[in-house]
Amino acid sequence: MTHSSNLFVDVHVLQTVPPSLINRDDTGSPKSAVYGGVTRSRVSSQAWKRATRREFNDHLNLDELGERTLRVVERIAKRIQHLNGEVDEETALEKAKSVLTATKITVKTVKPKANAEDQTERQNTGYLVFLSRGQINALAELALRGINGESITKSKAQKALTDGNSVDVALFGRMIAEAPELNVDAACQVAHAISVHEAVTEYDYFTAVDDNAPEDNAGAGMIGTVEFTSSTLYRYATIDVKRLAENLGSEEAALRAIEAFTRSFVVSMPTGKQNTFANRTRPGFVMLEVRNDQPVNLVGAFENPVRSTSGVLPQAAQELTRFAVAGEVAYGSKPVRREVVVADPNAEEAVAAFEGAVNEDNFEDAVKATIEAVRTTLAGDR
């Protein structure tokens, strides 16, 4: 077996989405990008990472997940009081601030707006800090030891904030500009999803009726427009397995994180305008690859936009497989393992282009086989 310092899991998804407004820009229009000389619909990586994190709740325990928040002081203070009910709120907040500032994270006093109902001043970090629930607990325990007379040093505070990364912190990373030693390099990268074809933005003109309007009033109580688009999206993400294991402290924890991410990323959907469009679909084509060479984004398959009168997704699946095979021939490298799941029966023929690919009957089997391939490869690399 070839030994390599590299090990990656690539996730490729083709998904058709009906009229929708999944991800908006600052003007309220669907996000877009020019690729291959034409305008494509686009869903940002941030939007799909957020959706994936929300989906984690169905696959992981809360204590394995983190929080991204401005209100770190409040979260630590609440934990202090949970651990020791005799500590009053004021003391808990004071000690929480002390232990956080010891890490070299700046805490600012934020005054409430004049018209706000809650006039409480808050101690915020000024930017979102991503940390695990275990790290919140460790900081709270350190603060309690400070109450009992132990000195709270920078090294102790930073150790509390760096030990025990949660799955999402380990995957997506953390950057704290004022204290780089607290940074966590992301083990996962997510591409912006783009349509495999040219996309057209359309407008829905809508009216709303006032239920209590006079009977002789024929007009609408409200009128407006909302932009939307329809698309077949190519989605891609990759995980650096060995970096993930380093971030989490063990290979077994990394395998569990990869399984959770794969399930969550594939089936998740950003929530933008869901109530208006009910656009929740499932992918028609999923390909999971274990690679020991490098991550390979196959978006080049769609630089020439797909044009089809018999279904875009089946044609896109064929273009994807053709492009992947051509790349393997040109560069002389193949995945260690490739699992394919085809939910669109019209795309079945696309898999025939792959030599040695496993076309699983269901997504569950594909995920399990991928995790087992990662486990076996890790064992061979030791």
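Rules of the game
Residues numbered from 1 in each chain as written. Predicted model: local features only at pLDDT ≥ 70, side-chain atom pairs only at ≥ 80, totals over all residues. Heavy atoms only, no water. Helix = DSSP H or I, 4+ residues; strand = E, 2+ residues; numbered from the N terminus. Expected span 1.5 Å × (residues − 1). Buried < 20%, exposed > 50% of the residue type's maximum accessible area, 1.4 Å probe, protein only. Contact = heavy atoms within 4.5 Å. Patch = residues over 30% accessible without salt bridge, like charges linked within 9 Å, V, L, I, M, F, W, Y side chains within 5 Å. Areas by Shrake-Rupley, 256 points an atom, 1.4 Å probe, with all protein chains shown as cover. Salt bridge = Lys/Arg side-chain N within 4 Å of Asp/Glu carboxyl O. Lys, Arg positive; Asp, Glu negative; His and termini not counted. Charge placed at Lys NZ, Arg CZ, Asp CG, Glu CD. Phe/Tyr/Trp six-rings, centres within 6.5 Å; stacked < 30°, edge-to-face > 60°. Lys NZ or Arg CZ within 6 Å of the ring centre and 35° of its normal. Pairing = 2+ DSSP bridges. Axes fitted to C-alpha atoms, helices over the stretch in contact; angles between N-to-C directions. Parallel < 35°, antiparallel > 145°, perpendicular 65-115°, else oblique. Left-handed = near helix turned anticlockwise from the far one by under 90°. Nonpolar A, V, L, I, M, F, W, Y, C, P; charged D, E, K, R; others polar.

Observations regarding helix α4 (residues 133-147)
Along its 15 residues, α4 runs 21 Å from first to last C-alpha, staying within 8% of the 21 Å computed at 1.5 Å per residue. Along α4, the positions that sit buried rather than exposed are Gln-135, Ile-136, Asn-137, Leu-139, Ala-140, Leu-142, Ala-143, Leu-144 and Gly-146. Against the buried residues of α4 lie β4 (66-69), α2 (72-83), α3 (89-101), β7 (129-132) and α5 (154-162). Where α4 terminates, the next one or two residues include Gly-149, which has phi positive at roughly 105 degrees.

Looking at a negative patch on the surface
Where like charges cluster on the molecular surface, the negative patch consists of Asp-88, Glu-89, Glu-90 and Glu-94. The residue Glu-89 is located in helix α3 in this model.

Overview of the packing of aromatic side chains
Under the definition given, this model contains 4 aromatic pairs. Considering the side-chain rings of Phe-228 and Phe-277, the 5.8 Å spacing of their centres and the 45 degrees angle between planes classify their relative orientation as tilted. Taken together, the residues span a long stretch of sequence, with Phe-228 in strand β11 (residues 222-240) and Phe-277 in helix α9 (residues 274-277) at a distance of 49 residues. Across the pair, Phe-277 and Phe-228 agree in class, each one buried. One cation-aromatic arrangement involves Arg-68 over Phe-130; the distance from NZ or CZ to the ring centre is 4.2 Å. Geometry around Phe-265 places Arg-235 over its ring, the cationic atom sitting 4.4 Å from the centre.

So, the pairing of β11
Put simply, side chains in a regular strand alternate between the two faces of the sheet. By the criterion of burial, β11 is predominantly enclosed, with 14 of the 19 residues buried. Sheet topology note: the strand β1 (residues 8-20)/β11 ladder contains 11 bridges and is antiparallel. Its bridge partner lying in β11, Ser-20 is registered against Thr-229. Pairing geometry for strand β8 (residues 188-190) and β11, over 3 bridges, is antiparallel. Bridge assignment links Cys-188 to a residue of β11, and that residue is Ile-239. Sheet topology places strand β9 (residues 193-195) next to β11; 2 bridges connect them, and they run antiparallel. Note on β11: the bridge partner recorded for Ser-195 is Leu-233. As paired strands, strand β10 (residues 202-208) and β11 are joined by 7 bridges and run antiparallel to one another. Bridge assignment links Ala-208 to a residue of β11, and that residue is Met-222.

Re the pattern of salt bridges
As enumerated under the stated definition, the model contains 23 salt bridges in all. Measuring nitrogen to oxygen at the nearest pair gives 3.7 Å for the salt bridge that ties Arg-280 to Glu-55. Here Arg-280 is found in the loop between α9 and β12 (285-291), whereas its partner Glu-55 is found in helix α1 (residues 45-55), with 225 residues between them in sequence. Judged by relative accessible area, Glu-55 falls into the buried class, the value being 15%. Here Glu-319 and Arg-322 are joined by a salt bridge, their closest N and O atoms 2.8 Å apart. Taken together, the positions of Glu-319 and Arg-322, both in helix α10 (residues 312-331) and 3 residues apart, correspond to about one turn of that helix. Here the salt bridges do not stand alone but share partners, grouping Glu-289, Arg-291, Asp-293, Glu-328 and Arg-338 into one network.

Digging into the packing of helix α8 (residues 251-267) against helix α11 (residues 363-381)
Pairs of packed helices are described in terms of their axes, by the angle between the two and the distance that separates them. Between α8 and α11, the least distance of the axes is 10 Å, while the angle of their chain directions is 150 degrees. Looking at the two axes, α8 sits roughly antiparallel to α11. Like other packed secondary-structure pairs, α8 and α11 cross with a definite hand, here right-handed. For the pair α8 and α11, the contacting residues are Glu-251, Glu-252, Leu-255, Ile-258, Glu-259, Thr-262, Arg-263, Val-266 and Val-267 in the first and Phe-363, Glu-364, Val-367, Ile-371, Val-374, Arg-375 and Leu-378 in the second. Across the contact of α8 with α11, the residue classes break down as 9 nonpolar, 1 polar and 6 charged.

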